[in-house]
Every structure is written in C-alpha cells, then in structure tokens.
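Listed here are the chains, written in short residue letters.
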Amino acid sequence: MSRADDSLFEFYGVVEVVAGRPIIGEVVGRRGAVIGKAQNEETGAWSYSVSMLESRESWSLRENEIVSTGLHMTRQDFYDGSS
C-alpha cells in the first residue's frame, strides 16, 4: 500500500506544465496549482489535477508533465467555504 507522501507534489503547490503528451500542448508553459492527486494502484504512477491559475480550468496531468515552482497557495485561494 502506498502513502500519499510518496508523491512529488503537495496540495496547492504551484507547478509549471512542461512538454508531455500532445493533448496538453495548449497548457505547456502555464502555471497552475495542484488541487487533487491520485496514484495508480498497479503501476504506482501519480497523476495530478492542476487548476490553471489564469483560466481556473482543471487538467489531469502526469507527474513528468509538471515541475515545482517552489511557490504554494492555500485551500482558501480555491474554495470560499460555500457549498
């Protein structure tokens, strides 16, 4: 069983999208924040839900498609507490 702390990126960490699959081409070079993460039980590979800072669109990205910027945001930057 894997632990969540095995992932390279933390929740609300700001990342930059780097080259990867052709389908992510429109967001390469953009920054976003990690708002979700999941690990494939069979392969152990991590994927991340990244909310793009400019558009607030969420993209599902692989671990090798993002790099850390060293910046962090907070949950409150994305969720205002209303339901």
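Let me sum up the structure you'll find in this document. Keep in mind it's a predicted model, so treat the numbers as computed, not measured. (Residues numbered from 1 in each chain as written. Predicted model: local features only at pLDDT ≥ 70, side-chain atom pairs only at ≥ 80, totals over all residues. Heavy atoms only, no water.)

## Observations concerning the side chain of Ser-51
Topologically, Ser-51 is positioned in strand E3 (residues 46-52). Accessibility expressed as a relative area gives 3% for Ser-51, which makes it buried. For Ser-51, the contacting residues outside a window of four places in its chain are Gly-32, Ala-33, Ile-35, Arg-56, Glu-57, Ser-58 and Phe-78. (Helix = DSSP H or I, 4+ residues; strand = E, 2+ residues; numbered from the N terminus. Buried < 20%, exposed > 50% of the residue type's maximum accessible area, 1.4 Å probe, protein only. Contact = heavy atoms within 4.5 Å.)

## Remarks on the side chain of Ser-7
The residue Ser-7 is located in the segment before strand E1 (13-17) in this model. Since its relative accessible area comes to 6%, Ser-7 is described here as buried. Side-chain polar atoms of Ser-7 contact the backbone oxygen of Phe-9, separated by 3.3 Å. There is a polar contact of 2.9 Å between the side chain of Ser-7 and the side chain of Lys-37. Setting aside chain neighbours within four positions, we find Ser-7 in contact with Lys-37, Trp-46, Tyr-48 and Glu-63. (Polar contact = N/O pair within 3.5 Å; in protein donor to acceptor, adjacent residues only side chain to side chain.)

## Focus on the pattern of salt bridges
Under the defined criterion, the tally for this structure stands at 2 salt bridges. We note a salt bridge from Glu-16 to Arg-31, for which the minimum N-O separation is 3.7 Å. Separated by 15 residues along the polypeptide, Glu-16 in strand E1 and Arg-31 in strand E2 (residues 31-39) bring together distant segments of the chain. Judged by relative accessible area, Glu-16 falls into the partly exposed class, the value being 26%. Judged by relative accessible area, which is 38%, Arg-31 ranks as partly exposed. Among the salt bridges present, the one from Arg-21 reaches Glu-65, with a minimum N-O distance of 2.8 Å. A residue pair is termed long-range when its members are at least 10 positions apart, and Arg-21 in the loop between E1 and E2 and Glu-65 in the loop between strand E4 (58-62) and strand E5 (66-72) qualify at 44 residues. (Salt bridge = Lys/Arg side-chain N within 4 Å of Asp/Glu carboxyl O.)

Distances and angles like these do not, on their own, reveal function.
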